[in-house]
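Each chain, written out:
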Amino acid sequence: MNIRKVISYIKERRKKYINQELILSTNTKYLILMVYALSIILTSLFFNTPKEIIMGMKKIILAPSIILTDYMQVANIGAALFNSGLLMLIVLGIIKLNKVDVSGPILAAVFTIGGFGLFGKNIYSIWSIFLGVYLFSLRKNQKFKRHIVVALFGTALGPLVSQISFGFNFSPLVGIVLGNLAGIIGGFILPSLANHCVDFHRGFNIYNIGFAAGIIGTFFMSFFRAYGLENNPTLILSEGNNLIFALLLAIFFTSLLILGWVINGKRFTGYKALLSSSGRLVSDFITMHGFGLTLINVATLGLAGTAYILLINGQLNGPTIGVIFTLAGFGGFGKHVRNAAPIVLGVYIGSLFNVWAANESAVILAALGGTTLAPIAGAIGPLIGILAGFLHSSVVMNTGYLHGGMDLYNNGLSGGLVAALLIPLIRSLRKENENEL
């Protein structure tokens, strides 16, 4: 027997062992995500009848939807879940139609849109934003697929469309026209603005589109206030459903964990390497570590986020479940428990000293959504990550006023400001390593 061939064979098998993953086609990845979206739609039928869901969807569409508007309370649980699953199917259809591969950012966008489908995004408010980004791509003579990630995350401006359409007491026709015109303008501005925003926080704020959307929302809100239009603070929340939602979330994310384990060759091999990533933009975990390991990471974050809310005696409702889905989705695009935990801890510590309790829904959103700053902990260290979370716990509770609740990714705006403050300071104190930051 040829010894060299044997050694070569062993090395090849070892390489496959280290990078265990079933080779999945793009269509199979789409199918997996579609099955999970359909599972959310089917789950809605356990809570409400089809008639109740249809009536609830009407209430959701007509809601101004500025944060925090829990669709489970505005309508009913079934309608909120149906809206969430349907939005996921819609965006998956758009992605597939444009022949875009399932990457880390795409996975994050699908889960984020599904999560915010429980409190702020609906099947009415997303289209004008898509159209605005599409018109930008035409103006630049570029394919829409090049900007599709911006379009998906740009639906953070959904409340801008809904509030103008239904919240300012315009006549129905005038409100709908003006609301969608604002959505088109916002979508058209987003791609170029988002591209420049990365320089502002140097890639340490994962919700970069949220930061850009916050700037756009602030400009719109400043204009509205100049003409006597104001958004009333909104806090519409459901409660009392922790047991059933904890069970459903456990089933959802455990099944994802098992699926990822199977795809990864029935091993967790490689997960340690994923945990060593800083998460700084752009960290596409599907490209870097494979689809199986990424699903394992998504599931781990989802389970951890659920456990955190239960441990602090918080409520599982539309916004908090939505932020769990966002946290989990970005398990494909920069987040993992190692770089996210210090941020959550920092926000929790902040709540011990400030006027907001850790188990308030808004603070839970700050803690789990504040993991937009996870790259700071991943690249610089957990102590600085805790400091970033501590600062974020105060900043995020005030930035909502700037855009009047019309940027659903308020954590993205706050995270950009915190990163813009911390990173230059740290660079100045670590001159020998400034190129790393």
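Located above this text is the structure these notes cover.
The shown structure was predicted, so the numbers you read here are calculated from the model rather than taken from an experiment.

Another point: the packing of helix H20 (residues 382-403) against helix H21 (residues 410-429). Two numbers describe how H20 lies on H21: the axes approach to 7 Å, and their chain directions differ by 135 degrees. In terms of orientation, H20 and H21 fall into the oblique class. Every pair of crossing elements has a handedness; the one defined by H20 and H21 is right-handed. In this structure, H20 contributes Ile-384, Leu-387, Ala-388, Leu-391, His-392, Val-395, Val-396, Thr-399, Gly-400, Leu-402 and His-403 to the contact, and H21 contributes Asn-410, Asn-411, Leu-413, Ser-414, Gly-415, Leu-417, Val-418, Leu-421, Leu-422 and Ile-426. In terms of residue class, the contact of H20 with H21 is made up of 13 nonpolar, eight polar and no charged.

So, about the environment of Ile-185. Within the secondary structure, Ile-185 sits in helix H10 (residues 172-201). In this structure, the C-alpha to C-alpha distance between Ile-185 and Phe-136, residues 49 residues apart in sequence, is 9.7 Å.

The buried fraction of helix H18 (residues 361-369) is high, at eight of nine residues. All of the buried residues in H18 are Ser-361, Val-363, Ile-364, Leu-365, Ala-366, Ala-367, Leu-368 and Gly-369. Taken together, the buried residues of H18 touch helix H15 (291-311), helix H16 (318-329), helix H17 (337-353), H20 and H21.

Moving on, we get to a nonpolar patch on the surface. Taken together, the side chains of Leu-131, Tyr-134, Leu-135, Leu-138, Phe-170, Val-174, Leu-178, Leu-181, Ile-185, Phe-188 and Ile-189 define a hydrophobic patch exposed on the protein surface, amounting to about 860 Å² of accessible area. Broken down by secondary-structure element, the contributors of at least two residues to the nonpolar patch are helix H7 (127-139) and H10. When residues of the nonpolar patch are assigned to their parent elements, the largest contribution, six residues, is made by H10. Within the element layout of this structure, Leu-131 appears in helix H7.

Another aspect to go through is unusual backbone geometry. With omega at 0 degrees, the peptide bond leading from Ile-67 into Leu-68 counts as cis. Along the polypeptide, Leu-68 turns up in the loop between helix H3 (50-62) and helix H4 (71-74). Of the consecutive residues Leu-281 and Val-282, the connecting peptide bond is found in the cis state with omega at 0 degrees. Even without a glycine there, the phi angle at Lys-266 is positive, about 60 degrees. Secondary-structure assignment places Lys-266 in the loop between helix H12 (242-263) and helix H13 (271-275). Lys-266 gets classed as exposed once you look at its relative accessible area, which sits at 54%.

A word on H16. Compared with the 16 Å implied by 1.5 Å per residue over twelve residues, the 16 Å span of H16 between its first and last C-alpha is a close match. Within H16, twelve of the twelve residues are buried, which leaves the element mostly enclosed by the surrounding structure. By the burial criterion, the buried members of H16 are Gly-318, Pro-319, Thr-320, Ile-321, Gly-322, Val-323, Ile-324, Phe-325, Thr-326, Leu-327, Ala-328 and Gly-329. Each element contacted by the buried residues of H16 is listed here: helix H2 (26-47), H4, helix H6 (104-116), H12, H15 and H18.

If you trace the backbone, His-392 turns up in helix H20. When its relative accessible area of 0% is taken as the criterion, His-392 is described as buried. A polar atom in the side chain of His-392 sits 3.0 Å from the side chain of Ser-414.

Right, let's talk about the side chain of His-289 for a bit. Mapping His-289 onto the fold places it in helix H14 (residues 285-289). The residues touching His-289, leaving out its near neighbours within four places in the chain, are Ala-273 and Leu-274.

The rules behind the values
Note that residues are indexed from 1 along each chain, following the sequence as it is written. Given that the model is predicted, a residue must reach a pLDDT of at least 70 before its local features are reported, and side-chain atom pairs must reach 80 or more before they are shown or counted; all residues, however, enter totals for whole chains, interfaces and linings. Heavy atoms throughout the structure, all of them, feed into the side-chain values; hydrogens and water do not. Axis geometry follows a simple rule: fit a line to the C-alpha atoms, using only the stretch in contact for helices, then measure angles between N-to-C directions, giving values from 0 to 180 degrees. Segments assigned H or I by DSSP are reported as helices when at least four residues long, segments assigned E as strands when at least two residues long, and all are numbered from the N terminus. Any angle that is under 35 degrees is reported as roughly parallel, and any over 145 degrees as roughly antiparallel; angles of 65 to 115 degrees are reported as roughly perpendicular and all others as oblique. A clockwise turn of the near helix away from the far one marks a right-handed crossing, whereas an anticlockwise turn of less than a right angle marks a left-handed crossing. A contact between two residues is defined here by any heavy atoms of the two lying within 4.5 Å. All residues other than Ala, Val, Leu, Ile, Met, Phe, Trp, Tyr, Cys, Pro, Asp, Glu, Lys and Arg, Gly among them, are scored as polar; the first ten of these are nonpolar and the last four charged. Per-residue accessibility, obtained with a 1.4 Å probe over protein chains only, is compared with the maximum for each type, and a residue is labelled buried under 20%, exposed over 50%, and partly exposed between these values. By definition, no residue in a patch forms a salt bridge, and every one has over 30% relative accessible area; like charges are joined within 9 Å, nonpolar side chains (Val, Leu, Ile, Met, Phe, Trp, Tyr) within 5 Å. Note on areas: these come from Shrake-Rupley sampling with a 1.4 Å probe, and a residue is covered only by the protein chains present in the view. When a carboxyl oxygen of Asp or Glu lies within 4 Å of a side-chain nitrogen of Lys or Arg, that pair is called a salt bridge. Multiplying one less than the number of residues by 1.5 Å gives the expected span of a helix. Residues adjacent in sequence count toward polar contacts only when both atoms are side-chain atoms; beyond that, a polar contact is any pair of N or O atoms within 3.5 Å, and within protein one must be able to donate a hydrogen and the other to accept it.

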